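Below, each chain spelled out in residue letters.
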Amino acid sequence: MKKCVIIGSGLGGLACGCILAKNGYQVTVLEQDTQIGGCLQCFRRVDALFETGMHYIGSAAPGQVLNRILRYLGVDDVKFSQLNPSGYDVISFQGQHYSLANGKEAFVDSLAQHFPASRDELSRYYDLVKQVVSSFAIHSLNKEVDLNVNAEFRMRSVNDVISSVISDPLLREVLAGVQPLYAGEKDQTPFYVHALITDSYDQGAFRIVGGSSKVAESLASNIRKQGGEVIMKQQVCKIECDDTHATAVITTDGQRYPADLVISAIHPTTTMQLVESRLIRPAYRQRVSAVRNTTGAFTVYLKFRKDSVKYMNHNLYLYRGVSVWDCQKYDAESWPKFLLYMHLCHEENPEYAQTGEILTYMNMDDVKKWQGTHVGHRGEDYEAFKHMKAEALIDALEQEVPDIRQHIETYYTSTPLTYVDYTGVPDGAMYGMLKDVNDLGGASITSRTRIPNLLLSGQSITLHGMMGVLAGSLVTCSEVLTYDEIFAQLNREN
């Protein structure tokens, strides 16, 4: 059996491990932390469960794309709870609520109530999203794609494309209102990112019952069933190479893991720091290190008083300014420019929510003075900073959800520094590397490297989110198994 060593137990690492283990590889996944999952991690405080990254997913119903990929990976023991098909996401902007509904007819009808003159444009926008998605083989599970469409919408920004289809300025803002799902930046984020993500949720939006760590546990279990290993507290310090290939992975405690294939599912910049091979050219290293990361996040994790808050079967995007764009650009007075409010689905069909979260952007500069410190050891001034920001975020939510404060028993917080500690992502970036229409070459990091048996996976390769990372994992494994074999296996499993 060929030996495959995978660095990182996030979704990308675990998915690649599952695929290769079922194809005869002896898989070893190395995780530096005490908990697997990366952005799939959940955490408990007493009897309360909180989600850290994968708050909701799309296309998880039987027969839909994500569901088919999960079945292929053997994830058939995780339960999903569908959000309201008539309004899974609600955009609150300039005093009005706009619901995004599943399916073309419902989507158009829901928004046409507010924009009756734009009905035809909404229909064209919806069809364009579907057209763009169909040009991506993995996301559509179709090998025959239109590469011209694919190329065009990699080169055009979200706001540019929406403006070319939608004439009403307010409706343009509403359609871009889900941009926190990809930390969108005006005139930079490619439209294909918007299309792939919104299409996935349009098929059906779901929360994971009991938290997204259930998916990580299922994937790790499947790797072990195939004879593989998932080992925690193993921090990698070097990818050992000879003149032509990677030969082993070395950890900080001196363990050496020989490898015929190495997959790094951590951030590409961090991966380059582990490799000293001359096969990796200086120009490539510089290109990887020069790519900007997406912004970070500040999150308040709310524990509600028992049976005091009805379970909210949708997500609320609240904007406080004149535009949904440029929310990463703020000062002390304007922060937070937006917030995303969600509940966690702790059981099937809950009547009341046990926990909820409020999330907004936070740039690393805001917490730069505490860089180099670690969770629980950052000092009283850091705790005071977080408390001040949390109170401001709760105040902002109360303007939309009156009296929510009186139902909060306690709360916890995280900053970009927390993401650095628990996921290892530079700058605490929400979604890894930023996709940019102005830097198509530099910002496009593929799964291949100059070392033929060193591949990359994770949210900075192809796309983030559950669907994006799993699609990227399939692409990474196709370098070993071929696209034809991947598609054949997917079809057999489904």
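Look up: the structure comes first, before these words.
Residues numbered from 1 in each chain as written. Predicted model: local features only at pLDDT ≥ 70, side-chain atom pairs only at ≥ 80, totals over all residues. Heavy atoms only, no water.

**Examining the pattern of salt bridges**
Counted according to the given criterion, the structure contains 22 salt bridges. With a closest N to O distance of 3.2 Å, lysine 303 and glutamate 409 form a salt bridge. Taken together, the residues span a long stretch of sequence, with lysine 303 in strand 15 (residues 296-304) and glutamate 409 in strand 19 (residues 408-414) at a distance of 106 residues. A relative accessible area of 12% places lysine 303 in the buried class. On the basis of relative accessible area, glutamate 409 is assigned to the partly exposed category, the value being 43%. For the salt bridge of lysine 310 with glutamate 351, the shortest nitrogen-to-oxygen distance reads 2.9 Å. Of this pair, lysine 310 sits in the loop between strand 15 and strand 16 (315-319) while glutamate 351 sits in the loop between strand 17 (338-343) and strand 18 (355-362), and the two are 41 residues apart along the sequence. Residue lysine 310 is classed as partly exposed on the basis of its relative accessible area, which comes to 49%. (Salt bridge = Lys/Arg side-chain N within 4 Å of Asp/Glu carboxyl O. Helix = DSSP H or I, 4+ residues; strand = E, 2+ residues; numbered from the N terminus. Buried < 20%, exposed > 50% of the residue type's maximum accessible area, 1.4 Å probe, protein only.)

**Re the environment of valine 27**
With respect to the helices, strands and loops of the structure, valine 27 is situated in strand 2 (residues 26-30). In this structure valine 27 comes out as buried when scored by relative accessible area, which is 1%. Considered as a pair, valine 27 and glycine 17 are 10 residues apart in the sequence and their alpha carbons are 6.1 Å apart. The residues touching valine 27, leaving out its near neighbours within four places in the chain, are Cys4, Ile6, Gly17, Leu20, Ala21, Ile223, Gly228 and Glu229. (Contact = heavy atoms within 4.5 Å.)

**Thoughts on the sheet that holds strand 17**
Here we have seven strands laid out as an open sheet, ordered 8-7-16-17-18-15-19, and mixed in their pairing. At either end of the open sheet lies a strand with only one pairing partner, and these are strand 8 (96-100) and strand 19. Taken over all neighbouring pairs, the strand axes of this sheet differ in orientation by 20° on average, direction set aside. Here strand 7 (residues 89-93) pairs with strand 8 via five bridges, running antiparallel. Following the sheet pairing, isoleucine 91 is matched in strand 8 by tyrosine 98. Running over the sheet, helix 13 (residues 380-398) touches strand 15, strand 16, strand 17, strand 18 and strand 19 and is turned about 70° from strand 15. (Pairing = 2+ DSSP bridges. Axes fitted to C-alpha atoms, helices over the stretch in contact; angles between N-to-C directions.)

**Some points on helix 16 (residues 483-493)**
For helix 16, the full list of buried residues reads Ile486, Phe487, Gln489 and Leu490. All buried residues of helix 16 fall inside an arc of 160° around its axis, so they share one side. Exposed and oriented more than 90 degrees from the buried face of helix 16 are Asp484 and Arg492. (Arc of directions from axis to C-beta.)

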